[in-house]
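# A closer look at the structure
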Amino acid sequence: MQILKNGRLLILLILLSSLASNEVNAQFWKKKNKSDVQAFAPGEATEPKEAKMVSPVRVMLNKFNLQLEKGYGFFLYQNELTDVSVVRNPRGDQLYIMPIGQESTSGPYNAYSNWFNDLTPTNIYRVDDDSQIVRTDTASVIYKNSGRINPLTLRVSFSLNKVDKLRLKTTGERVMSEKEMLRIGLGISTGALKFTNKVHYQEVDDRLRYFNVPQTKISTTKLFGSLTYNAYTFMDFSFMIDASGGVWKTKSSHLNQDLVTYDPFFNVGFIIEKKVSKYFKLYMRPSFEMRKYSLSDEFITTAHSLSLFTIDIGALIKYPTYPRNRHGANRVQMEHIFNGKIYRGRSIFQPQNPRTGQFGQTKKKKVKYGGGND
């Protein structure tokens, strides 16, 4: 009887042990909830709860771009005279202009010896019979020159990105991608027009010869607005159409500001941009620009035009969306979550999500067996 009781007790213990073992195995093999794991998780902010880890101020500032450009170029200058008579006195070798038709009347005349940067009156009481006279109503008188310009430009622009079409198609969510569509900017530029020749030349009459330039260097400043359209992107290169326009003026000592009128200028260029990182880009911008100004008083008006061809070399810096991790976790190069915030692992001049390599290392180190490293 005692043996029977002991057998039943043994069977009961075996059954209880089996149930306990199954429960342990079930708990062991059960899939863990990732939300309960407090671990270091590399990745970008895509979920709403992760987006809260990003400063909205940084997100807004990231849409702005600071651009610095240095240009190298040349220009062509033209001064087409209209409604005047151009006179060269062979004995005094004096060149001047006067309102058309006055040369056939008795003096004194409203004559000017400098019509390039100031209408300088010249006392002419008699037009000699052997003077060379060309009327602009019968011949086209255009004085020409050329030179170089090296402008320095500072621009602040605001980026409008393209819609993420893949996400819109798959989820129906209208989310902006990292690819830019437009940039709207404001800028300031300075540069001096340096004339190659000390004289302006014309081709209509050799006897008129040349016009001495009273000022071979003219300092200019311009304020402008710009619109940049991203036409095509291939890997890390973007090809953009860039147009700008605005107002400009010269240094007061270089042109008579009481007599000068500046026309608005227009510039159109093409940008080839290389993406170094999400926050730093380099670009080259060939462009063409038109500028005009005129000098006028109650008697006469002279028009001047400039055609500029420049190549700008520039850099663009954006304010980073994520701060740089200053803790030990910055050994991870990818953008990552650390202590409830999203960080980047590298400087703004380096890619933020490299797939290979170690932190701070751009080249693989060579290891010599039996010796030290290079």
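Keep in mind the model is a prediction, meaning the values are calculated, not measured.

A few words on the overall build of the chain. A tally of helices and strands in the chain yields 4 helices and 20 strands. The buried share of the chain, reckoned over its 374 residues, is 37%. Restricting to contacts in the chain with at least 6 residues of sequence separation, those with at least 24 account for 66%. Of the roughly 23100 Å² that the chain leaves accessible, carbon and sulfur atoms contribute 58%.

Moving on, we come to the nonpolar core. By size, the foremost hydrophobic cluster in this structure holds 33 residues, and its most contacted members are Leu81, Val86, Ile97, Trp115, Phe116, Tyr143 and Tyr293. Once residues within four sequence positions are removed from consideration, Leu81 is found in contact with Val86, Ile97, Trp115, Thr136, Val141, Tyr143 and Thr302. Counting 7 residues, the second-largest nonpolar core is a separate cluster that includes Val87, Tyr109, Ile124 and Val127.

Here the focus is the packing of aromatic side chains. A complete count under the given rule lists 15 aromatic pairs for this structure. Seen from their ring centres, Trp115 and Tyr143 are 5.9 Å apart, and the 65° between their planes marks the pair as edge-to-face. With a gap of 28 residues between them, Trp115 in the loop between strand E5 (111–114) and strand E6 (120–122) and Tyr143 in strand E8 (residues 141–149) connect regions that are remote in the sequence. With relative accessibility at 0%, the residue Trp115 sits in the buried group.

Scanning the entire structure with this criterion turns up 16 salt bridges. A salt bridge links Asp242 to Arg155; its shortest N-O distance comes to 3.2 Å. Here the residue Asp242 occupies a position in strand E14 (residues 237–250), and Arg155 occupies one in strand E9 (residues 152–163), the gap between them amounting to 87 residues. For the residue pair Asp242 and Arg155, the accessibility class agrees, reading buried in each case. Salt-bridge contacts for Arg207 lead to Asp205; the nearest nitrogen and oxygen are separated by 3.5 Å. Judged by relative accessible area, Arg207 falls into the exposed class, the value being 54%. Residues joined by salt bridges that share partners form a network here, namely Glu69, Arg155, Asp242, Arg285 and Asp312.

This structure, assessed with the given rule, holds 1 cavity of 30 Å³ or more. Roughly 200 Å³ of volume is contained in the largest cavity. Along the wall of the largest cavity there are 22 residues; nearest its centre are Thr153, Ser189, Lys222, Asn267 and Glu289. Of all the secondary-structure elements, those providing two or more residues to the lining of the largest cavity are E9, strand E10 (176–195), strand E13 (217–234), E14, strand E17 (280–296) and strand E18 (301–318). Tallying contributions element by element places E17 first for the lining of the largest cavity, with 5 residues. Here the lining of the largest cavity is composed, by residue class, of 5 nonpolar, 9 polar and 8 charged.

Now for the environment of Arg148. Along the chain, Arg148 falls in strand E8. Considered as a pair, Arg148 and Leu308 are 160 residues apart in the sequence and their alpha carbons are 8.7 Å apart.

Turning our attention to the pairing of E13. Strand direction decides the pairing type here: E13 and E14, joined by 14 bridges, are antiparallel. Bridging across to E14, Thr233 finds its partner in Ser238. Taking the residues between adjacent antiparallel strands as the criterion, E13 and E14 are bridged by 2 residues, where Met235 takes a positive phi near 55°.

Moving on to the environment of Thr301. Looking at the secondary structure, you find Thr301 in strand E18. Note: C-alpha distance between Thr301 and Val84 (217 residues apart in sequence) is 8.9 Å. In this view, Thr301 contacts Thr82, Ser294, Leu295 and Ser296; residues no more than four positions away in its chain are not counted.

As a further point, take the pairing of strand E16 (residues 265–277). Here E14 runs beside E16; their pairing, made up of 10 bridges, is antiparallel. Bridging across to E16, Gly246 finds its partner in Phe265. The sheet contact formed by E16 and E17 spans 9 bridges and is antiparallel. Looking across to E17, one finds that Phe266 is bridged to Met290. The loop that links E16 with its antiparallel partner E17 comprises 2 residues.

Looking at where Thr250 falls in the secondary structure, it is placed in strand E14. Under the relative-accessibility criterion, Thr250 is labelled buried at 6%. A polar contact of 2.8 Å, which involves the side chain of Thr250, links it to the side chain of Tyr262. Once residues lying within four places of it in the same chain are set aside, the contact partners of Thr250 are Ile218, Ser219, Thr220, Leu255, Gln257 and Tyr262.

Thresholds, definitions, all that
Residues numbered from 1 in each chain as written. Predicted model: local features only at pLDDT ≥ 70, side-chain atom pairs only at ≥ 80, totals over all residues. Heavy atoms only, no water. Helix = DSSP H or I, 4+ residues; strand = E, 2+ residues; numbered from the N terminus. Buried < 20%, exposed > 50% of the residue type's maximum accessible area, 1.4 Å probe, protein only. Contact = heavy atoms within 4.5 Å. Areas by Shrake-Rupley, 256 points an atom, 1.4 Å probe, with all protein chains shown as cover. Core = buried A, V, L, I, M, F, W, Y, C linked by side-chain atoms within 4.5 Å. Phe/Tyr/Trp six-rings, centres within 6.5 Å; stacked < 30°, edge-to-face > 60°. Salt bridge = Lys/Arg side-chain N within 4 Å of Asp/Glu carboxyl O. 1 Å grid on protein atoms, 1.4 Å probe; cavity = no way out; pocket = protein on both sides within 12 Å on 5 of 7 lines; lining within 4 Å. Points joined across faces, edges and corners; volume = space filled by probe spheres on them. Nonpolar A, V, L, I, M, F, W, Y, C, P; charged D, E, K, R; others polar. Pairing = 2+ DSSP bridges. Polar contact = N/O pair within 3.5 Å; in protein donor to acceptor, adjacent residues only side chain to side chain.

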